[in-house]
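So you can see what is in the structure, the chains are spelled out below.
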Amino acid sequence: MSDERVSEASSGEERGGGRAEPSHGDAVGAHSPSTSPQRRSTIFFLPPHHHHHHLPPFSVYVASQPTPPTRNPVRVAPASLAWRRKHALKCEDSFFFPREKSGLNLCSRSDNMKKFNIRKVLDGLKEASSSSSSTFSSSSAPSVQVGPQDNHLVQENLQSEHFQLCKLIPPLHHRRNLMHLGTGTKTVRHGFPYQPSSMAFDPVQKILAIGTQRGALRLFGRPGVESYCQHESEAAVIQLQFLINEGALVSALADDTVHLWNLRQKRPAILHSLKFSKERITFCHLPFQSKWLYIGTERGNVHIVNVESFMLSGYVIMWNKAIELSSKAHPGPVVHISDNPMDEGKLIIGYESGIVVLWDLKSKKADYRYTYDEAIHSVAWHHEGKQFTCSHSDGTLTIWNVRGQGKPIQTITPHGKQPKDGKKPEPCKPILKVEYKTTRIGEPFIILSGGLSYDTVGRRPCLTVMHGKSTAVLEMDYPIVDFLTLCETPYPNDFQEPYAVVVLLEKDLVVIDLAQNGYPIFENPYPLSIHESPVTCCEYLADCPVDLIPALYSVGSRQKRQGYSKKEWPISGGNWGQGTQSYPEIIITGHADGTVKFWDASAMMLQVLYKLKTAKVFDRNRSKEDKGSTEVSDEDPFAIQLMTWCPESRMLCVAGVSANIIIYRFSKLEVTTEVVQLLEVRMQYELNDMESPEGGSGEQTSAGASPQTSGPPSHPSTSSNNSDGSNMPCLKVRSTQLKQSPGYQVDLVVQLVWVSGEPPHQITSLALNSSYGLVVFGNSNGLAVVDYIQKTIVLNMATVELYGSNDPYQRQPRSPRKSRQPSGGLCDINEGSATSEDRCKSPTSDHRDNSFSRSRSSSVTSIDKEAKEALLSFQFCETFARKGDSTLSPCLYVGTSLGSVMALAIMLPPAGEQRQLQPVILSPTGMLIRLKGSIMRLAFMDSAGSLLPPANDPWFEPNVSVDGEEREKVRKRRPVSVSPSSSQDLNEGQYAVACSEKQAKVLSLPTQTCIYKHSITETSFILRADVVQMSNGVCLACFCANGHIMTLSLPGLRPLMDVNYLPLTDMRIARTFCFTNLGQAMYMCSPTEVQRITYSQDTCENLQEMLGELFTPVETPEAPNRGFFKGLFGGGAQSLDREELFGELAAGRASRSLAQHMPGPGGIEGMKGAASGVVGDLARARIALDERGQKLGELDERTAAMMASADSFSKHAHDMMLKCKDKKWYQF
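Residues numbered from 1 in each chain as written. Predicted model: local features only at pLDDT ≥ 70, side-chain atom pairs only at ≥ 80, totals over all residues. Heavy atoms only, no water.

**Student:** Give me the lowdown on the overall build of the protein, citing residues and values where you can.
**Tutor:** Across its full length, the protein carries 18 helices and 62 strands. Residue burial in the protein is summarised as follows: out of 1228 residues, 57% are buried. Sequence separation of at least 24 residues holds for 61% of the intrachain contacts in the protein that already meet a minimum separation of 6. Accessible surface, the protein as shown: approximately 52,700 Å² in total, 51% of it carbon and sulfur. (Helix = DSSP H or I, 4+ residues; strand = E, 2+ residues; numbered from the N terminus. Buried < 20%, exposed > 50% of the residue type's maximum accessible area, 1.4 Å probe, protein only. Contact = heavy atoms within 4.5 Å. Areas by Shrake-Rupley, 256 points an atom, 1.4 Å probe, with all protein chains shown as cover.)

Right, dumping it as structure tokens:
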């Protein structure tokens, strides 16, 4: 028979109750025709309270019988949680097998195969902490309800094997949780590296590496080629060094470890690690085409590491030997190491105290010592090796001759005021880094960071470029972390020919063109501006209409700044992935300054498409009197709180932190708006009079809406605490005309106003329907519905009014509050305990904060601590408005913070002219569904189990006349609804899906009976839930506060995946986590970075092809020609056989206690598996050579040992011969 399936009783963490579920093999509907009769097996689960008392408890009986003409689903009798716990051990011992594949394949088609696999029936019972009593039933009944009808049978194609969670190298404590999945480095991370600390560049491969204070490593090639890696220790990366054109990178960390990364694979991995135990690492230097890495330490010593074996050499430069008697005190940590460009045998070592030593590696002594009375920060060589420059803590540069002793040949204070009397200039801030780069034609470049005068208070950080007699000071928006000069040659002994400077700032990456006058910057093609203003909310849409991205790009391309360098972006290494994922993806981010950004997220890349500034709608000019008395946040009054978007009609609606809603239409034409249309809404209800909802005697201002369509109000732009502060909005809409560029153009502004001196409450939910022309929003007072076609308010209703006579709560009366809590209104976001840092993270909704505290409290359903019942979830749909209805009609479903789901019927006027004139009517239907916890998501499915999207209109150009041909064409061909419900048989029902922060329910419509129920979590709560379309079905995806990501089948609510992925350490994650179609999800993992993950097995399998390659085979440029005379007279570069000096034979072995070698996971075996393509061939050849070298080395060692043994034997034999030579035979 085909796979029969029963409902799993429980899965994952603390799940209560079993569930009856339709058969997988049955067709849609109760009566499906069977194929020819065949024999099949039937399973009976009989709990103790079943009527057949003679059968043992919960036994499984497999009986072969002919298949009847009509196939009935397998039914599972419910069993209580306490009973299941009692018999769990027996069940596990009897017939529970390892998880091999999803589903409950209980029986085989073959009669002689009696094996079956029951999966996830008792998952999590040993961790379950919930009692058998249920909030929804006084008895100990399981959390399963089966409707009386037998026609709720939907074929569900989604199985557990369709799901796998993938991310790009989680931190160590996250990665351990993914071990059982076999996942390691998965999808991608976008954005600017958070808290950068170091940088390196490969001038041949043209790859940039950035390390962070959290141990992350970001690698950038050409636009679209990025990689993210994470050190397990999460210690700060203090320095990075490329093995130039070798496909490898050395990272030095603040925990005194050094790591070698292999970049010749799509997912970089660590080959070797070295942990120093006695000394702290302060500086590293790896000469070009050398395998010996110099490591300077805090004690002032220099150690040498072989990067091939990652073993320490016995050669050590001790600080006391280096300085000898030149200083009485310790010289301080090593701050610089580099070899002379013309003589590899000469090493310059800079100490913090101001001493520089030129060390002769062969003679093992110092040739010269250079002393200055100011601390050193960096050293830079002239390419000819005869001079070097030092930068100091007093803002000076000193230039030294290598053979000169005593004083520097020149001292420069770039930003110091030169006194006329010849005295030393005033000290300036430290010059943190200097680079000295030469050109064949013209003057050298001296580039430095820091060194500004102390009297430049408030001046921004600067990069100074000195070229000949000109000095350019380039101001930066953020402090400079590091900078690198990009040069044409990787050889340090050739003319450098600098062409660009890469400047790493705390929150930005800037590349400056040195070849053009004025030093313009390159236009940055990476998506590094996500954090330009702090992200406050996100939306993610996969598989959206194909014409959306071109439309957004066309209007966004006109927003680009001018004045960029005309040259190509210089960081151009790597190759794009070869993935076949083709569906369009869009990410929308809302920001604290009121901007909304649209990003193209297709094919594992991220590129900004369009930027909308919502703050333009409001008047920013406030008088001093207003500012003195305002309770509005002066820092971020325009911050985006919520967003809702209809991709088909391109309608956009945003809710701001200052209790405002803006509705936008998309247009390709520029338009000037004379007056911004404005509606003002009063949504303030007296709390004390409404404490007892059943009384209903409170003052309700549902009719108190004051629509204004003629223009903005004339009252002040900000509100005060005065008693006459009624009808004041938090922001003033601009009264002057507004020029609106192509793109999103404001259609209507809705503002909640102050009532009786009280600020409006925070907007907690928002929804838009383009087919109905309605926008609905809610807060802790109630909901309001706006008709944006007629620019009117059609409903303004308190939450209690939605219940009518069905209010289930017996609320305890409380004494009147003396003052409203600061968190009650959006307009006083700076009051209370919230710091500006918390606010910048984003204005998060009150209900979400309450859900944190509420879910952790012992009383989940009590509302004693709740001020109001907030509206959290809306869903428009064409469904059955009332119980027993036989026709579909437009409806609005509403979910509240106390677990109630209610419905409003919508009566729309006929389309056309009547829609412009007749009012839209909404009325409660009396439906009430109760769930445990706040309602997170509502959705609808048809009788076949397909998702029903809300009805929508196609996009049309709004800036043409009403009588225009284009509008008429669109109106004529516009469908009433694009949802499948319009074509389904009226006799067929629908399913309503409701997910709260604790559980999920599926209702059968129009009967409104609960047919499936699943307790998702008892001890934690859900932060985000989305009903998503997968490639072969629909599922409910949930992100839980305890870090679990779960998926449930729909409508059957079978657990398909439960992964302990990401413990909630930051509210930013909860605020920005989004699921979307086809198994994609995202969240802000830091204030500057977006982490994308996938929970689709198909995507996980294709990730290897979709990822780009960092390493590409490139010929190393030829070494500079020494020239005839230099070769004749020995003026060229002097080479050095470092193996002769640092090898074990010459230098011996280093002390084992100094550092510990740790092989990495990406060793030779890992490289074998990762190598692929042309790069893989080269990598395999390299690996083969390495292996051959290893074997040859081992052979040499064995040969040497055998020769030593033979010499020893020969010597002993010779001694014995001499001893016995003169003895007679009888003397032996």
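This is not the end of the story, as more comes after the structure.
**Student:** So, the side chain of Ser1096: which residues are in play, and what are the values?
**Tutor:** On the secondary structure map, Ser1096 appears in strand E61 (residues 1089-1096). Excluding anything up to four places from it in sequence, Ser1096 contacts His162, Gln164, Met1030, Leu1078 and Gly1079.

**Student:** Can you break down the sheet that holds strand E15 (residues 302-306) residue by residue, with the values?
**Tutor:** Read across the open sheet, the 4 strands follow the order E13-E14-E15-E16; overall the sheet is antiparallel. Both edges of this open sheet fall to strand E13 (281-285) and strand E16 (311-317), since each of them pairs with a single strand only. Sheet twist, expressed as the mean angle between neighbouring strand axes with direction ignored, is 30 degrees. Summarising the sheet, E13 and strand E14 (residues 292-297) pair through 4 bridges and their orientation is antiparallel. (Pairing = 2+ DSSP bridges. Axes fitted to C-alpha atoms, helices over the stretch in contact; angles between N-to-C directions.)

**Student:** Can you explain the environment of Tyr664? Please cite residues and give values.
**Tutor:** Following the sequence through the fold, Tyr664 ends up in strand E38 (residues 660-667). On a C-alpha basis, the gap between Tyr664 and Arg650 in space is 8.6 Å, while along the polypeptide they are 14 residues apart. Residue contacts for Tyr664: discarding those within four places in its chain leaves Leu612, Lys613, Thr614, Val617, Arg650, Met651, Leu652, Val654, Tyr744, Gln745, Val746 and Asp747.

**Student:** Residue-level account of the pairing of E13, with values.
**Tutor:** Across the 5 residues that make up E13, a large majority, 4, are buried. Where E13 folds back onto E14 in an antiparallel hairpin, the turn is made up of 6 residues, including Gln289, whose phi is positive at roughly 60 degrees.

**Student:** A description of the pairing of strand E32 (residues 535-542) should follow, citing residues and the corresponding values.
**Tutor:** With 7 of 8 residues buried, E32 is to be regarded as a mostly interior element. When E32 meets strand E33 (residues 585-591), the two strands line up antiparallel, connected through 7 bridges. Bridge pairing in E33 links Ala542 to Glu585.

**Student:** I'd like a description of the nonpolar core, backed by residues and values.
**Tutor:** With 36 residues, the main nonpolar core has Ile586, Phe598, Val617, Trp645, Tyr664, Tyr744 and Val749 as its most contacted residues. No other element matches helix H5 (residues 548-556), which puts 5 residues into this core. In this structure, Tyr744 is in contact with Leu552, Phe598, Tyr610, Leu612, Trp645, Arg650, Leu652, Tyr664, Arg665 and Phe666, ignoring residues within four places of it in sequence. Among the nonpolar cores identified, the runner-up in size contains 25 residues, and Leu1023, Val1059, Tyr1061 and Leu1062 belong to it. (Core = buried A, V, L, I, M, F, W, Y, C linked by side-chain atoms within 4.5 Å.)

**Student:** Describe the environment of Pro268, and please don't skip the residues or the numbers.
**Tutor:** Mapped onto the elements of the fold, Pro268 is located in the loop between strand E11 (257-262) and strand E12 (269-276). Since its relative accessible area comes to 4%, Pro268 is described here as buried. Excluding residues that lie within four positions of it along the chain, Pro268 makes contacts with Leu219, Ser227, Cys229, Trp261, Asn262, Leu263 and Leu1110.

**Student:** Run through H5, naming residues and quoting values.
**Tutor:** Each turn of an α-helix holds 3.6 residues, which means side chains three or four residues apart point in the same direction. Where H5 is concerned, the buried positions are Leu548, Ile549, Ala551, Leu552, Val555 and Gly556. Buried residues along H5 cover an arc of 165 degrees about the axis, so they all sit on one side. Looking at the packing, one finds that the buried side of H5 touches E33, strand E34 (595-600), strand E35 (607-613), strand E36 (640-646), E38 and strand E42 (743-752). (Arc of directions from axis to C-beta.)

**Student:** Any details on the pattern of salt bridges? Residues and values, ideally.
**Tutor:** As a working rule, side chains carrying opposite charge can pair if their charged atoms are close by. Counted under the stated rule, the structure contains 27 salt bridges. Glu226 serves as the salt-bridge partner of Arg218, at 3.1 Å between the closest nitrogen and oxygen. Accessibility classification places Arg218 together with Glu226 in one group, the buried group. Residues Lys346 and Asp360 are paired through a salt bridge, measuring 2.7 Å at the closest nitrogen-oxygen approach. Pair noted here: Lys346 is in strand E18 (residues 343-351) and Asp360 is in strand E19 (residues 355-360), with a separation of 14 residues, a long-range link. Using a relative accessible area of 13% as the deciding quantity, one classes Asp360 as buried. Taken together, the shared-partner salt bridges in this structure form one network comprising Arg189, Arg218, Glu226 and Glu1089. (Salt bridge = Lys/Arg side-chain N within 4 Å of Asp/Glu carboxyl O.)

**Student:** Describe unusual backbone geometry, naming the residues involved and giving the relevant values.
**Tutor:** A cis geometry characterises the amide bond from Leu1005 onward to Pro1006, with omega recorded as 15 degrees. By the secondary structure assignment, Pro1006 is in the loop between strand E53 (999-1005) and strand E54 (1009-1015). With an omega of 5 degrees, the peptide bond running from Leu1050 to Pro1051 counts as cis. With respect to the helices and strands, the residue Pro1051 is situated in the loop between strand E57 (1044-1049) and strand E58 (1055-1060). Positive phi values are uncommon outside glycine, yet Glu234 reaches one of about 60 degrees. Residue placement: Glu234 occurs in the loop between strand E8 (226-230) and strand E9 (237-243).

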